[in-house]
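Residue strings, one per chain:
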Amino acid sequence: FYNTFCINFFIGNYVNVILLPIKHEYISDGDLKNDDEIIKCFATPSDVLKHKDWLLKFQNENLQRSKDLWDKRTEFFPYLILCDAVKSQISRLGKSTNLTNVIDRLRALDKVAFNWTSGNFNYQQTNDSYRLTIHPESSLTLDNYKQCRIFSLPDNRKELFELHIITGDLRIHFYPD
C-alpha cells in the first residue's frame, strides 16, 4: 500500500470505499513514470476502526522517525543548530502527520544556511529563492507575545526568534546568526 491516506466525502464512483486505487505519476531520471497504488480511505468512524492497525503502525513509525531526527540532527541538518527544547517538540510531532512537513522545511532551511555566506539574513530574498515562506512576527504579536518568542541558544544566550516558517498549523521559529 501507498503510505498515505485520503478522506472520502462520498462523491463520484467511490462512495464509501476503504481502499482507493490511484495512479501515481512522477518523474525519475527525466522520464515520466507511473505506478498503480492503493491508498486507504476514511469516511466514517467504522472506517477508522478498519484501519486501526495501520494507523497505529504509522504513528509508531513516525515516533521512531522523530527520535531518529533528533539523534541524527547534526547529520541531517549540518548547518542548523536545534535548541534543546526542540527535542520534546519533535517527539510530539511523531504522533502526527506534521513530521514530514517539518523535515521538509528544515531541509530547505539547512540549504539556506549553507548558502548564506555573508551579510545580513534577508528573509524576503530567501522566500524568492527557496521553497520556503518566512515571516517576521507582526508588531502586534511582539507587543503581546514577545516573551514567548525569546528562546535559549545552546551557548545559553537568549535571543528573540522573530522569524518563523509556517507549516500547516505549526510555526518553526528560528534565529539567523
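What comes next concerns the included structure.

Cut-offs applied
- Residues numbered from 1 in each chain as written.
- Predicted model: local features only at pLDDT ≥ 70, side-chain atom pairs only at ≥ 80, totals over all residues.
- Heavy atoms only, no water.
- Helix = DSSP H or I, 4+ residues; strand = E, 2+ residues; numbered from the N terminus.
- Expected span 1.5 Å × (residues − 1).
- Buried < 20%, exposed > 50% of the residue type's maximum accessible area, 1.4 Å probe, protein only.
- 1 Å grid on protein atoms, 1.4 Å probe; cavity = no way out; pocket = protein on both sides within 12 Å on 5 of 7 lines; lining within 4 Å.
- Points joined across faces, edges and corners; volume = space filled by probe spheres on them.
- Pairing = 2+ DSSP bridges.
- Axes fitted to C-alpha atoms, helices over the stretch in contact; angles between N-to-C directions.
- Salt bridge = Lys/Arg side-chain N within 4 Å of Asp/Glu carboxyl O.
- Phe/Tyr/Trp six-rings, centres within 6.5 Å; stacked < 30°, edge-to-face > 60°.
- Lys NZ or Arg CZ within 6 Å of the ring centre and 35° of its normal.

**A few points about helix H5 (residues 98-115)**
The α-helix advances 3.6 residues per turn, and as a result positions three or four apart in sequence lie on the same side. Between its terminal C-alpha atoms H5 stretches 26 Å, which fits the 26 Å expected from 18 residues at 1.5 Å a residue. When we look at burial in H5, the residues that qualify are Asn-98, Leu-99, Val-102, Ile-103, Leu-106, Ala-108, Leu-109, Asp-110 and Val-112.

**Some remarks on the layout of surface pockets**
Each pocket or cavity is described by its volume, and for the largest pocket that value is around 1100 Å³. If you trace the largest pocket, you find 35 residues lining it, with Ile-81, Leu-82, Phe-161, His-173 and Phe-174 closest to the centre.

**Concerning the sheet that holds strand S8 (residues 170-174)**
The pairing of strands in a sheet happens through backbone hydrogen bonds and is either parallel or antiparallel. Ordered by their spatial adjacency, 3 strands build an open sheet running S4-S7-S8, and the pairing between neighbours is antiparallel. The open sheet has two free edges, formed respectively by strand S4 (134-136) and S8, since each of these has just one partner strand. Sheet twist, expressed as the average angle between the axes of neighbouring strands with direction ignored, equals 35°. Bridging between S4 and strand S7 (residues 163-167) involves 3 bridges; their strand directions are antiparallel. Along S7, the bridge assignment pairs His-135 with His-164.

**Description of the pattern of salt bridges**
Per the stated rule, a full pass over the model turns up 6 salt bridges. Of the charged contacts in the structure, one is a salt bridge between Lys-67 and Asp-71, with a shortest N-O distance of 2.8 Å. In this pair, Lys-67 and Asp-71 are both assigned in helix H2 (residues 52-71), 4 residues apart and thus about one turn of the helix distant. According to the relative accessible area criterion, Lys-67 is partly exposed, its value standing at 47%. Where Asp-177 meets Arg-157, a salt bridge forms, and the shortest distance between an N and an O atom there is 2.9 Å. With Asp-177 in the segment after S8 and Arg-157 in the loop between strand S5 (150-152) and strand S6 (158-160), the pair connects residues that are 20 residues apart, well separated along the chain. Residue classification places Asp-177 among the exposed positions, given a relative accessible area of 65%. With relative accessibility at 33%, the residue Arg-157 sits in the partly exposed group.

**Some details on the pairing of S8**
In the sheet, S7 pairs with S8 via 5 bridges, with the strands oriented antiparallel. Within S8, the residue paired with Ile-165 across the bridge is Ile-172. Connecting S7 to the antiparallel partner S8 that follows it, the hairpin turn spans 2 residues, and Gly-168 within it adopts a positive phi of roughly 60°.

**Describing the packing of aromatic side chains**
All told, the structure shown has 6 aromatic pairs when counted by the stated rule. Here Phe-161 and Tyr-175 contribute two aromatic rings whose centre-to-centre distance is 5.9 Å and whose plane-to-plane angle is 35°, an arrangement assigned as tilted. Taken together, the positions of Phe-161 in the loop between S6 and S7 and Tyr-175 in the segment after S8 put the pair 14 residues apart, joining distant regions of the chain. The exposure class assigned to Phe-161 is buried, which follows from its relative accessible area of 6%. Classification of Tyr-175 as partly exposed rests on a relative accessible area of 28%. An aromatic cluster of at least three residues, connected via ring pairs, comprises Trp-116, Phe-121 and Phe-174. The positively charged end of Arg-73 is found above the aromatic ring belonging to Trp-70, 3.8 Å away from the centroid.

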